[in-house]
Amino acid sequence: GTDLAQSVADNLAAIQGAALGRLIAAVCFLIKVQLTAPLLLNVIVVSMWAPSESGPLWPVGRVALVLAITSATILCAVVLAEKAAVVASLTGSLLVTITSVLFPALVHYCLTCRLGGRRLSLWEKAEYAFIVCFGIFTGVLGSALALADLMA
């Protein structure tokens, strides 16, 4: 109907006594983030704490780092539960642009340069530059719009 909001959390906020539903929505948001982005979480952890060749793969410090990132995610999910659609838009603008536009284009460019056995023409380099510039533009624009919605 016309009295429904775009997000489940907003709809639950309008129902008296739906605190449990809001908590469930926050937990589901956390689970979605943690299950759909494990590769990104691993990249963050490895970039901040590279595994040792001689030591254990998961020393106490790395486990603590993962727990800190997970705790920050839980905190964000709980604090921003009423703005779930805006948070989804923000993370989509940032992560989807990086993982679906910028990263593939840059990896393809690097692999083509190293393994292609030929030099790229100016036109081919311009194509890669256009894709990267377009990805940066849409990521920044989408993020700015999502942040404006978050602050509203």
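This one's a predicted model, so the numbers in the text were calculated from it and none came from an experiment. (Residues numbered from 1 in each chain as written. Predicted model: local features only at pLDDT ≥ 70, side-chain atom pairs only at ≥ 80, totals over all residues. Heavy atoms only, no water.)

It is worth spelling out the overall build of the protein chain at this point. Scanning the protein chain for helices and strands turns up six helices and zero strands. Taken from the N to the C terminus, the helices and strands of the protein chain come in the order α-α-α-α-α-α. When each of the 152 residues of the protein chain is scored for burial, the buried share is 22%. Long-range contacts, defined here as pairs at least 24 residues apart, represent 58% of the contacts in the protein chain between residues at least 6 apart. Looking at the protein chain as shown, the accessible area adds up to about 10700 Å², and 73% of this sits on carbon and sulfur atoms. (Helix = DSSP H or I, 4+ residues; strand = E, 2+ residues; numbered from the N terminus. Buried < 20%, exposed > 50% of the residue type's maximum accessible area, 1.4 Å probe, protein only. Contact = heavy atoms within 4.5 Å. Areas by Shrake-Rupley, 256 points an atom, 1.4 Å probe, with all protein chains shown as cover.)

With 88% of its residues at a pLDDT of at least 70, the protein chain reaches an overall mean of 79. At the level of individual helices and strands, the protein chain shows its lowest average pLDDT in helix H1 (residues 8-13), which scores 66, and its highest in helix H6 (residues 122-151), which scores 89. (pLDDT = per-residue confidence, 0-100.)

Turning our attention to the packing of aromatic side chains. Across all of its chains, the model carries two aromatic pairs by this definition. With a centroid separation of 5.1 Å and an interplanar angle of 70 degrees, the aromatic rings of tyrosine 109 and tyrosine 128 are classed as edge-to-face. Within this pair, whereas tyrosine 109 is found in helix H5 (residues 84-115), its partner tyrosine 128 is found in helix H6, the two being separated by 19 residues in sequence. When its relative accessible area of 28% is taken as the criterion, tyrosine 109 is described as partly exposed. (Phe/Tyr/Trp six-rings, centres within 6.5 Å; stacked < 30°, edge-to-face > 60°.)

Here helix H4 (residues 60-79) contains 20 residues, and its C-alpha end-to-end distance of 28 Å stays within 8% of the 28 Å for a straight helix at 1.5 Å per residue. Within H4, burial applies to Arg62, Leu65, Val66, Thr70, Thr73 and Ala77. Seen end-on, H4 carries its buried residues on one side only, within an arc spanning 130 degrees. Structural note: H4 exposes Val60, Leu67, Leu75 and Val79 on the side pointing more than 90 degrees away from its buried face. (Expected span 1.5 Å × (residues − 1). Arc of directions from axis to C-beta.)

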